[in-house]
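One letter stands for each residue in the lines below.
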Amino acid sequence: MISVLVTIAWVILVIQFCYWVAWWIAFSRSKSVPASAWPPLSVIVCAHDEEQNLRALIPLLLAQTYPEFELIIVEDRCNDGTYDYLLQATKDYPRLRMVRVQHLPPHVNGKKFALTLGIRAASHDWIVFTDADCRPANDQWLRTMAAGCSDDKQLVLGYSPYLREPGYLNSFIRFESLVTAIQFFGAALLGHPYMGTGRNLAYRKSLFLDNKGFNNYLGLTGGDDDLFVNQHARPSNTSVVLSHDAVVFSVPKRNWRDFYYQKLRHLSVGKYYHFGDRVMLGVFSFTWILSWLLVLPVSLMPAGLAAGLWIGVLVRMAVVMTVVYRSSRALGDQFETWKTPLLEFNYAIYYLGTGLVALVSKRVRWKS
């Protein structure tokens, strides 16, 4: 029995090793994208009761050192002072425009409807997206992202980590976000883009309109970013921009309950990815969980057959920590690598529960 468990454990370790080494290679090959042109840009932010966040974000976006861009804020049925603030701000800032959502059609997801109105109102073909609770790292964000907007591209993927704050929850949120980024940026760098995040994403308005926008999943909560990329991203039409100047930070959740529901919403759309992407992500997640629930206990068994597994576990951890170190620096936001072992263990336990719930969830909400 022990020999069978040891064999299974070695298979799990080898699979995990292959994934992490592939991402190591991917980020080792990453390089900056030189700017070839400065196309005019439309920046779109959807906001539902986000007055305070918009007061912080709008000045940062308008301060971007980019030659030609407009900023469109979609005011989505707000109950706070967002409308009054935007009404005055549009008079003060010529680049700023407001689009209002006053009534939501039945059976349509609120955020997708708001985004659709914003995209249709955009004056330019290249559209850059972020969220109201995000903050660009500096005034070079649009210039750096625009380097990926070449004539032969239709999508640009950017990185959006969470702001560093005290506490274990914040470390866990930032680690989870980094692991997700390692997977989808690593895959994109290896020629297989499959997702992006709407906190830092750009694509052509023509791509959106020619493919009827979000029509295939208009009623789903989520998927306005990762499902759209999953459907339309190809190696030939997708750029990856890695640089601290391209980073957009996001405000993290500050309690476990809010974080749980946020991740449940994010994970619930994964079951709609292309079959091959679901298999790729599923095998990685399954073997990651088993590497802690099976491999580690088996490696500690007092048997000669299991003795070598302990070395395999240590080698795997060394590779994981190396990838965390190198990828976070390539992405533009350094992570505290020494925290990896504990966070990785907790991530496997967290994913076991949250992933299963997301898999069977039929309906989650963006905002009311």
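Just so we're clear, the structure is a prediction, and the values are computed from it rather than from any experiment.

Enquirer: Just checking my understanding: could you explain the nonpolar core for this structure?
Expert: Within soluble globular proteins, side chains that are nonpolar generally end up buried alongside one another. Counting 71 residues, the largest nonpolar core has Trp 20, Phe 185, Tyr 203 and Trp 288 as its most contacted members. If you tally residues by element for this core, the top one is helix H6 (residues 168-189), at twelve residues. Dropping the residues within four chain positions of it, Trp 288 is found in contact with Gln 16, Trp 20, Phe 175, Val 179, Arg 316, Glu 344, Tyr 347 and Ala 348.

Enquirer: I keep staring at the environment of Val 324 and nothing clicks. Help me out?
Expert: With respect to the secondary-structure elements, Val 324 resides in helix H11 (residues 304-331). On the basis of relative accessible area, Val 324 is assigned to the buried category, the value being 0%. The sequence separation of Val 324 and Trp 23 amounts to 301 residues, and the corresponding C-alpha distance is 9.8 Å.

Enquirer: Whenever I open this one, the pattern of salt bridges confuses me. Can you help?
Expert: A side chain of one charge can pair with a side chain of the opposite charge if their charged atoms are brought near each other. The final tally for this structure, using the stated rule, is twelve salt bridges. A salt bridge links Asp 131 to Lys 111; the shortest N-O distance between them is 3.5 Å. Here Lys 111 lies in helix H4 (residues 110-121) and Asp 131 lies in the loop between strand S4 (126-129) and strand S5 (134-136), a separation of 20 residues in the sequence. The exposure classification of Asp 131 matches that of Lys 111, with both residues buried. The closest approach of N and O atoms between Arg 254 and Glu 165, which form a salt bridge, is 2.7 Å. On the criterion of sequence distance, the pair formed by Arg 254 in the loop between strand S9 (248-250) and helix H9 (256-268) and Glu 165 in the loop between strand S6 (155-157) and H6 is long-range, its members being 89 residues apart. Overall, Arg 254 belongs to the exposed group, its relative accessible area being 56%. On the accessibility criterion, Glu 165 (25% relative accessible area) is partly exposed. In the salt-bridge network here, residues are joined through shared partners; they are Arg 164, Arg 174, Glu 336 and Lys 339.

About the thresholds
- Numbering of residues starts from 1 in each chain and follows the order in which that chain's sequence is written.
- A pLDDT threshold of at least 70 governs which residues receive local features in this predicted model, and a stricter bar of 80 or more applies before side-chain atom pairs are shown or counted, although totals over entire chains, interfaces and linings include all residues.
- Values reported for side chains reflect all heavy atoms of the structure, with hydrogen atoms and water molecules removed beforehand.
- For our purposes a nonpolar core is just a set of buried Ala, Val, Leu, Ile, Met, Phe, Trp, Tyr and Cys residues, chained together by side-chain atoms within 4.5 Å.
- Burial classes follow relative accessibility: with a 1.4 Å probe on protein chains only, a residue under 20% of its type's maximum area counts as buried, one over 50% as exposed, and anything between as partly exposed.
- Put simply, DSSP marks the helices as runs of H or I at least four residues long and the strands as runs of E at least two long, and each gets a number from the N terminus on.
- In what follows, a contact means two residues having at least one pair of non-hydrogen atoms within 4.5 Å.
- Throughout this description, the term salt bridge denotes a Lys or Arg side-chain nitrogen within 4 Å of a carboxyl oxygen of Asp or Glu.

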